[in-house]
Amino acid sequence: MELKHRPRRLRANAAIRNMVRENHVRVDDLIYPMFVIYGENTKNEIPSMPGVYQYSLDLFVDALKEVVDLGVPAILLFGIPESKDAVGTGAYHEHGIVQEAVRVAKKYYPDLYVITDVCLCEYTDHGHCGLIMDGQILNDPTLDLLTQTAISHAQAGADMVAPSDMMDGRVGALRQGLDQAGFTNIPVMAYSAKFASGFYGPFREAAGSTPQFGDRRTYQMDPPNGNEAMLETALDIEEGADLIIVKPALAYGDITYRTKQRFGVPVVAYNVSGEYSMVKAASAQGWIDEERIVMESLVSMKRAGADLIITYHALDVARWLQK
Ligand code: PBG
């Protein structure tokens, strides 16, 4: 056979495959989400997320050592407050759980990059991401509380804030508030294309943030919509977002691709809780090879155009990359 093109030539052995590999997952790409809780000597494993824990602050510090030792550069913090109320006071309290966790992290590991999730749903008794009146999730009155939350995180020493509430105008509100409070250099990583997804189920167990009535469809995006994700992203960039999150990652690779192609900004894929749980459950049964499946999934996010990946697998990935 006189075949001129034989793509198999460049697959003949590991050396050449490694040489022509187009995309890589690096430890520097990883952001590790962590959950902090009040109390002492507490490390609660999330039943639906084996290997993921809610940490009291003393054990959180121990866990951070592992993160740092493995070379994972950044964490994304979520808090479980002591008590909840209608206005989510715990979210923006000076001594809220996330604010305290940021201080502890920065005290022991000043070089670890600390990102905070900015939202009200873990702190409100109704479990929604905004204020409620007559069963409606209010937009504009929520913005002020989100801004206070972001400022309180920055005051505690956070390196970056990540609003995940999906209220209209929150990026602009946060940017203005941070600037006025003197935090002009704190970037905003916006959950711009955040879909109303079934893949967040296990997270709500981890963060205790299941809505007590209704669902999040009046503020998170409708899964079939791609053009709308481009609009949300354009608005957030216009309002001052520095990085754009696409969430969930696996079922929304087209959104990651379009976002990168169209805007060229740093794009972050959020490999969410349900995606993690599915892999863990199947690999516990021996049905899939966990390492292969995780690495293949994460590199698909890089191939689609993600620069960074938020993943509960981060520590395992860091270990695998060291081999
Ligand atoms: C808070 C928030 C959620 C997630 C990140 N920030 C939950 C939600 O919107 O219900 C989900 C993360 C995950 O599933 O891993 N608004």
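Bear in mind the structure is a predicted one, so any value in this text is a computation, not a measurement.

Conventions and cut-offs
- Residues numbered from 1 in each chain as written.
- Predicted model: local features only at pLDDT ≥ 70, side-chain atom pairs only at ≥ 80, totals over all residues.
- Heavy atoms only, no water.
- Buried < 20%, exposed > 50% of the residue type's maximum accessible area, 1.4 Å probe, protein only.
- Helix = DSSP H or I, 4+ residues; strand = E, 2+ residues; numbered from the N terminus.
- Arc of directions from axis to C-beta.
- Contact = heavy atoms within 4.5 Å.
- UniProt positions renumbered as here; feature names shortened; annotations may be inferred.
- Polar contact = N/O pair within 3.5 Å; in protein donor to acceptor, adjacent residues only side chain to side chain.
- Near = heavy atom within 4 Å.
- Areas by Shrake-Rupley, 256 points an atom, 1.4 Å probe, with all protein chains shown as cover.
- 1 Å grid on protein atoms, 1.4 Å probe; cavity = no way out; pocket = protein on both sides within 12 Å on 5 of 7 lines; lining within 4 Å.
- Sits in = over half its atoms within 2 Å of the grid points.
- Points joined across faces, edges and corners; volume = space filled by probe spheres on them.
- Nonpolar A, V, L, I, M, F, W, Y, C, P; charged D, E, K, R; others polar.

The next point concerns helix α9 (residues 253-263). Those residues of α9 lying buried are Ile255, Thr256 and Thr259. One side of α9 holds all its buried residues, which, seen down the axis, span an arc of 100°. Exposed side of α9, more than 90 degrees from the buried face: Gln261 and Arg262 are the residues found there. The inward-facing, buried residues of α9 contact β9 (189-194), α8 (227-239), β10 (243-247), β11 (267-271) and α11 (290-304).

What follows is about the UniProt feature "binding site: Mg(2+)" (unreviewed entry) in the chain. As recorded in UniProt, the sites labelled "binding site: Mg(2+)" (unreviewed entry) are Glu232. Within the secondary structure, Glu232 sits in helix α8. Residue classification places Glu232 among the buried residues on the basis of a relative accessible area of 13%. Apart from the residues lying within four places of it in its own chain, the contact partners of Glu232 are Met166, Asp168, Ser192 and Met221.

Turning to the side chain of Asp165, a few remarks are in order. Topologically, Asp165 is positioned in the loop between β8 (160-163) and α6 (170-180). With a relative accessible area of 0%, Asp165 lands in the buried category. Only 2.7 Å separates the side chain of Asp165 from the backbone nitrogen of Met167, close enough to count as a polar contact. Side chain to side chain, Asp165 and Arg170 meet in a polar contact 3.4 Å long. Non-local contacts of Asp165, meaning those with residues more than four positions away in its chain, are made with Val118, Cys119, Cys129, Leu146, Arg170 and Tyr219.

Let's shift gears to the site of the ligand. The full set close to the ligand counts 19 residues, and Lys194, Arg204, Lys247, Ser273 and Tyr312 are the nearest of them. A distance of 3.4 Å separates a nitrogen atom of the ligand from a polar side-chain atom of Asp117. A distance of 2.9 Å is found between an oxygen atom of the ligand and a side-chain nitrogen or oxygen belonging to Arg216. Calculation on the ligand without its partners gives an accessible area of 400 Å², and the protein chains cover 100% of this total. According to the grid-proximity analysis, the pocket containing the ligand is the largest cavity.

Going through the model one piece at a time under the given rule, you end up with two cavities of 30 Å³ or more. Of the volumes computed, that of the largest cavity is approximately 150 Å³. Phe78, Lys194, Tyr200, Phe203 and Lys247 are, among the 18 residues lining the largest cavity, the residues nearest its centre. Its residues placed into classes, the lining of the largest cavity shows nine nonpolar, three polar and six charged. The calculated volume of the second largest cavity comes to roughly 30 Å³. Counting only elements with at least two residues in the lining of the second largest cavity, the list comes to α10 (273-284) and α11. Counting residues per element, the lining of the second largest cavity draws most heavily on α11, which supplies three residues. Within the lining of the second largest cavity, the residues separate by chemical class into four nonpolar, three polar and one charged.

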